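Notes for the structure review
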Amino acid sequence: MSERGRSSAPPSDRQALVASRRVTATLDELPLIARGKVREVYDMEGVEGIPGVPPPLLMVASDRISTYDAVHPTPIPDKGKVLTGLSVFWFAKTAGIVANHLISATDGVPDEVRGRALVVRRLQMLPVECVVRGYITGSGWKDYQATGSVSGIALPDGLRESERLPEPIFTPSTKADVGHDEAIDFEGAVALVGDRVLMERVRDASIELYSFAAEHALANGLILADTKFEFGLYQSEPAGGAHALVLGDEVLTPDSSRYWPADGYEVGHGQPSFDKQYVRDWASASGWDKKPPAPPIPEDVVAGTRARYVEAYERIAGEPFQAWLDRTAP
Ligand code: Q0Z
């Protein structure tokens, strides 16, 4: 007999909660708590209420795409599903390095966002972006050219653009609410987090995650030039329990990382983005001044870009993208 049916005693608060909730809410019933350029976070409070355990969150990836920091009005079909599938792949592959926030890609996920949403544990996020670089490019290349260092780490003389570094480096940044994150050194991260030993664990886990992923990617024809992680603390007990370090947000996706095709890699200049290069090339040639609003993307560029995202999934996860769609279908 069911838990509710067994007793004639009045239901406990817990039983009332369980009995009153629907198994899965629809998206419009959930409070939006954070919105990024291409993703949203919803509060699942009341959906899975367990006294003493913080209610989970729902992270939803859209099909929106940004180039040059501006979001285009044209979606890339399945981009949100590719990125969500890749995050899940990496969460599973790296769970032995560090715990992560993933609860489920199916249970509790509203039908309308199946495949592109994850139910995750609510964390107390650390106020630093944990960037790891294995190659010298982007803002790291600019800083190196200006100072010979990145994030307070002195690098060898004579590095050329896009060159592989002797070893991966941890180059944290602040989390800006608006505008760009500001590069800081390790001591700056320690000051923000307020716990040196914790920050050392975060740095070491970040470098281990990057090294593992870069090796896997390269074996599949992709260079992982750099990536960004976000960590949080999870209080497992209702009160007074230990705070566990947990990997959150999205991980090792093309939106949080720079993936380059290994084929054609050449030092001495910038490398094409594995996923966004068609859009960037088209946007540059279109005469757009790269200031918002971003222009609509033509059909053939959308199709080519979608194919690159699917190819990234299949190369990294080592399975047809259809397998992800099948596993997460309502
Ligand atoms: C991450 C963000 C996004 C906008 C909140 N597990 C967690 N616990 C608590 N907070 C977060 C997470 Cl992932 C959390 N963000 C960043 C993500 C849209 C902002 F999809 N915000």
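Residues numbered from 1 in each chain as written. Predicted model: local features only at pLDDT ≥ 70, side-chain atom pairs only at ≥ 80, totals over all residues. Heavy atoms only, no water.

For the rest of this paragraph, the subject is the packing of aromatic side chains. A full pass over the atoms with the stated rule returns ten aromatic pairs. Consider the rings of Y135 and W260, whose centres lie 5.7 Å apart with planes at 70°: the pair is edge-to-face. Remark: W260 occurs in strand 16 (residues 257-261) and Y135 occurs in strand 9 (residues 128-135); sequence separation between them is 125 residues. You can call Y135 buried: its relative accessible area is 6%. For the ring pair F229 and F231, a centre distance of 6.4 Å and an interplane angle of 55° mean the geometry is tilted. Note on accessibility: F229 and F231 belong to one class, buried. A network of ring pairs unites the aromatic residues F89, W90 and F212 as a single cluster. Note that R203 overlies the ring of F186, its terminal NZ or CZ placed 4.6 Å from the centroid. Of note, R308 hangs over the ring of F274, and the distance from its end group to the ring centre comes to 3.9 Å. (Phe/Tyr/Trp six-rings, centres within 6.5 Å; stacked < 30°, edge-to-face > 60°. Helix = DSSP H or I, 4+ residues; strand = E, 2+ residues; numbered from the N terminus. Buried < 20%, exposed > 50% of the residue type's maximum accessible area, 1.4 Å probe, protein only. Lys NZ or Arg CZ within 6 Å of the ring centre and 35° of its normal.)

Quick look at the nonpolar core now. The nonpolar side chains of a soluble globular protein tend to be buried, and buried together. By size, the foremost hydrophobic cluster in this structure holds 62 residues, and its most contacted members are L126, M199, V202, F229, F231 and Y259. Of all the elements, helix 6 (residues 196-219) adds the most residues to this core, at nine residues. Apart from residues no more than four positions distant in its own chain, F229 is found in contact with E129, C130, V132, S206, L209, Y210, L247, V251 and L252. By size, the runner-up hydrophobic cluster in this structure holds eleven residues, among which are L27, V60, V113 and V119. (Core = buried A, V, L, I, M, F, W, Y, C linked by side-chain atoms within 4.5 Å. Contact = heavy atoms within 4.5 Å.)

Enumeration according to the criterion identifies 18 salt bridges in this entry. In this structure, R39 and E250 form a salt bridge, with 3.8 Å as the shortest nitrogen-oxygen distance. Of this pair, R39 sits in strand 2 (residues 39-43) while E250 sits in the loop between strand 15 (243-248) and strand 16, and the two are 211 residues apart along the sequence. Overall, the relative accessible area of 21% leaves R39 in the partly exposed class. In this structure E250 comes out as buried when scored by relative accessible area, which is 11%. A salt bridge links K228 to E230, with the shortest nitrogen-to-oxygen separation between them at 3.5 Å. Here the salt bridges do not stand alone but share partners, grouping E129, K175, K228 and E230 into one network. (Salt bridge = Lys/Arg side-chain N within 4 Å of Asp/Glu carboxyl O.)

For the rest of this paragraph, the subject is the confidence of the model for the protein. Per-chain confidence: the protein averages 92 in pLDDT, with 91% of residues scoring 70 or above. In this model residues 1-11 is a low-confidence stretch, pLDDT under 50, and it forms five contacts with partners more than four residues away in sequence or in other chains. Taken as a whole, residues 14-21 scores under 50 in pLDDT and shows eleven contacts with residues more than four places along the chain or in a different chain. (pLDDT = per-residue confidence, 0-100.)

Here we take up the sheet that holds strand 6 (residues 102-104). Read across the open sheet, the five strands follow the order 1-2-3-7-6; overall the sheet is antiparallel. What marks the edges here is a single partner per strand, and that holds for strand 1 (32-35) and strand 6. Ignoring which end each strand starts from, the neighbouring axes of this sheet average 30° apart. By the bridge criterion, five bridges tie strand 2 to strand 3 (residues 57-61) in an arrangement that is antiparallel. The residue of strand 3 that forms the bridge with Y42 is L58. (Pairing = 2+ DSSP bridges. Axes fitted to C-alpha atoms, helices over the stretch in contact; angles between N-to-C directions.)

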